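# Understanding the architecture of this molecule
What follows is each chain in one-letter form.
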Amino acid sequence: MGWVARFALAGLMALTIGAAKAEDALKAKIGVLRLSSSAPVFIAQDKGYFRDAGLDIELKFFDAAQPIAVAVTSGDVDFGITAFTAGLYNLAGKGTLKVIGGMSREKAGYPLIGYFASNNAYAAGLKTPKDLAGKRVAMTQVGSSFHYSLGLLADKYGFKLADVKIVPLQSLSNASAALKGETVDAALLPISTARKLMGEGGAKFLGWVGDETPWQLGAVFASPKTLTNKALVTKLLGALAKADREYHDVILASMKDGVASINDKTKPLLEIIAKYTNLPVEQVVGNCAYIDPDGKLDVKNVDNQIKWLQEQGFADKGFDADAIIAKEYVKAD
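A brief structural summary. Being a predicted model, the structure only gives us computed values, none of them experimental.

What follows is about the side chain of Asp 185. Of note, Asp 185 is situated in the loop between helix 8 (172–180) and strand 9 (186–190). Accessibility expressed as a relative area gives 14% for Asp 185, which makes it buried. Only 2.8 Å separates the side chain of Asp 185 from the backbone nitrogen of Arg 136, close enough to count as a polar contact. Contacts of Asp 185, omitting those with residues within four sequence positions, involve Phe 116, Ala 117, Ser 118, Ala 121, Leu 126, Lys 135, Arg 136 and Leu 179.

As structure tokens, then:
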């Protein structure tokens, strides 16, 4: 056999082996938001960490956190990576979801979710987060992570959450439009949504949730059915752990005054985040949420969230953090 034939045969064999490996890959769908708080997911997908782990991952994007929890329960997606909500906890309390890892956190010095005032409300005296008492505040949904953040703020400054007029608008875009249109006094919004709004002169900044009341915001979760496939879960968490560490050691390590540096090391990762969040790199640098480098979950805070939501009547009673966490997978603080 001549060298040309041998070369062609080797190429054919490589293609065949590659195709076989692709067929052997475990397929899964991940429900996620187009927010930088899910940066490790985007890094793992774009840099091939999922693929290298033997996974064929499809990302399915949503516009709010609660629908992701519902999609995991229904089987529309296999994993969810988003913020904790009352709805998510209620599903988990019924045994239809299990938390398997940590993701984003509200932490001082890492801008993520902020309090923003309409121009008219700001001119009328709404200047700081503690001034939100008695105001009309837009958010995605009742019992959402935004709602919990507002509850923590009320506890901190001693005003009654019941005195705040919550306006649930189901999506970030609706909340942003309401603030700009002056139909609400304030809104809780992620920095990626709010920056465009402020750039257009549509809102005023009041403060960051992480600076006021740090807490465990996001997590990785799955249905009991998905958890029966231990190989799938282990491979997914392993790929995410690699991306968590890279994100932390490269991007978060470069941050100063809440903004990541753009340099030879950070730029490739920032460009990946920009690609999946539909934002320019120049905006992504100020959107970098804190994520534990080992993917740890603040279990104590999760338990506090559940208790608070139960006291408010947003979550069913009769369960705690231990009941909804898959301990064989979770790394706890």
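With that settled, the discussion passes to the layout of surface pockets. Each pocket or cavity is described by its volume, and for the largest pocket that value is around 370 Å³. Lining the largest pocket are 19 residues, and of these Asp 63, Leu 172, Ser 173, Ser 192 and Thr 193 sit closest to its centre. Listing elements by their share of the lining of the largest pocket, those giving two or more residues are helix 8 and helix 9 (191–199). When residues of the lining of the largest pocket are assigned to their parent elements, the largest contribution, five residues, is made by helix 8.

Let us look at the pairing of strand 9. Along strand 9, five of the five residues are buried, which leaves the element largely enclosed by surrounding structure. Where burial is concerned, the two faces of strand 9 agree: the one with Ala 186, Leu 188 and Pro 190 and the one with Ala 187 and Leu 189 are both buried. With five bridges joining them, strand 6 (residues 113–117) and strand 9 adopt antiparallel strand pairing. By the bridge assignment, Ala 117 is partnered in strand 9 with Ala 186.

Further remarks concern the sheet that holds strand 13 (residues 290–291). Two modes of strand pairing occur in sheets, parallel and antiparallel, and in both the strands are linked by backbone hydrogen bonds. In spatial order, the strands read 11-5-13; together these three strands make up an open sheet with antiparallel pairing. Only two strands of the sheet have a single partner each, and these edge strands are strand 11 (215–216) and strand 13. Note that strand 5 (residues 104–106) and strand 11 share two bridges and pair antiparallel. Note that in strand 11 the partner of Glu 106 across the bridge is Trp 215.

Overall, the coordinates contain two cavities of 30 Å³ or more when judged by the stated rule. Considered as a void within the structure, the largest cavity measures approximately 230 Å³ in volume. No other element matches strand 3 (residues 79–83), which puts three residues into the lining of the largest cavity. Its volume calculated, the second largest cavity comes out at about 30 Å³. Along the walls of the second largest cavity sit Phe 84, Thr 85, Ala 86, Tyr 89, Gly 143, Ser 144, Tyr 148, Gln 305 and Leu 309, which together make up its complete lining. Of all the secondary structure elements, the ones that give two or more residues to the lining of the second largest cavity are helix 5 (86–93) and helix 15 (299–312). Its residues assigned to classes, the lining of the second largest cavity shows five nonpolar, four polar and no charged.

Let us now look at the sheet that holds strand 4 (residues 98–102). If you trace the five strands from one edge of the open sheet to the other, you get 2-1-3-12-4, paired in mixed fashion. Looking along the sheet, the strands with just one partner apiece sit at the ends: strand 2 (55–62) and strand 4. Taken over all neighbouring pairs, the strand axes of this sheet differ in orientation by 25 degrees on average, direction set aside. Bridge count between strand 3 and strand 12 (residues 218–222): five bridges; the pairing is antiparallel. When the bridges of strand 12 are listed, Thr 82 appears paired with Ala 219. Contacts from helix 2 (residues 39–46) reach strand 1 (26–33), strand 2 and strand 3, with the element oriented near 140 degrees to strand 2.

This next bit is on the packing of helix 4 (residues 65–74) against helix 5. Close contact between helix 4 and helix 5 brings their axes to 8 Å; oriented N to C, the two are set at 20 degrees. Between helix 4 and helix 5, the interaxial angle falls into the category roughly parallel. The two elements helix 4 and helix 5 cross, and the hand of that crossing is left-handed. In this structure, helix 4 contributes Gln 66, Ala 69, Val 70 and Thr 73 to the contact, and helix 5 contributes Gly 87, Leu 88 and Leu 91.

On inspection of all chains with the given rule, the structure shows 14 salt bridges. Between Lys 196 and Glu 200 there is a salt bridge, with the nearest N and O atoms lying 2.6 Å from each other. Counted as one network, the salt bridges with shared partners bring together Lys 180, Lys 196 and Glu 200.

You can see Gln 66 is positioned in helix 4. Looking at Gln 66, its side chain comes within polar contact range of the side chain of Thr 85, at 2.8 Å. In contact with Gln 66, other than residues within four places in its own chain, are Thr 85, Gly 87, Leu 88, Leu 91 and Gln 141.

Analysis parameters
- Residues numbered from 1 in each chain as written.
- Predicted model: local features only at pLDDT ≥ 70, side-chain atom pairs only at ≥ 80, totals over all residues.
- Heavy atoms only, no water.
- Helix = DSSP H or I, 4+ residues; strand = E, 2+ residues; numbered from the N terminus.
- Buried < 20%, exposed > 50% of the residue type's maximum accessible area, 1.4 Å probe, protein only.
- Polar contact = N/O pair within 3.5 Å; in protein donor to acceptor, adjacent residues only side chain to side chain.
- Contact = heavy atoms within 4.5 Å.
- 1 Å grid on protein atoms, 1.4 Å probe; cavity = no way out; pocket = protein on both sides within 12 Å on 5 of 7 lines; lining within 4 Å.
- Points joined across faces, edges and corners; volume = space filled by probe spheres on them.
- Pairing = 2+ DSSP bridges.
- Nonpolar A, V, L, I, M, F, W, Y, C, P; charged D, E, K, R; others polar.
- Axes fitted to C-alpha atoms, helices over the stretch in contact; angles between N-to-C directions.
- Parallel < 35°, antiparallel > 145°, perpendicular 65-115°, else oblique.
- Left-handed = near helix turned anticlockwise from the far one by under 90°.
- Salt bridge = Lys/Arg side-chain N within 4 Å of Asp/Glu carboxyl O.

That's the geometry; what it means functionally is another story.
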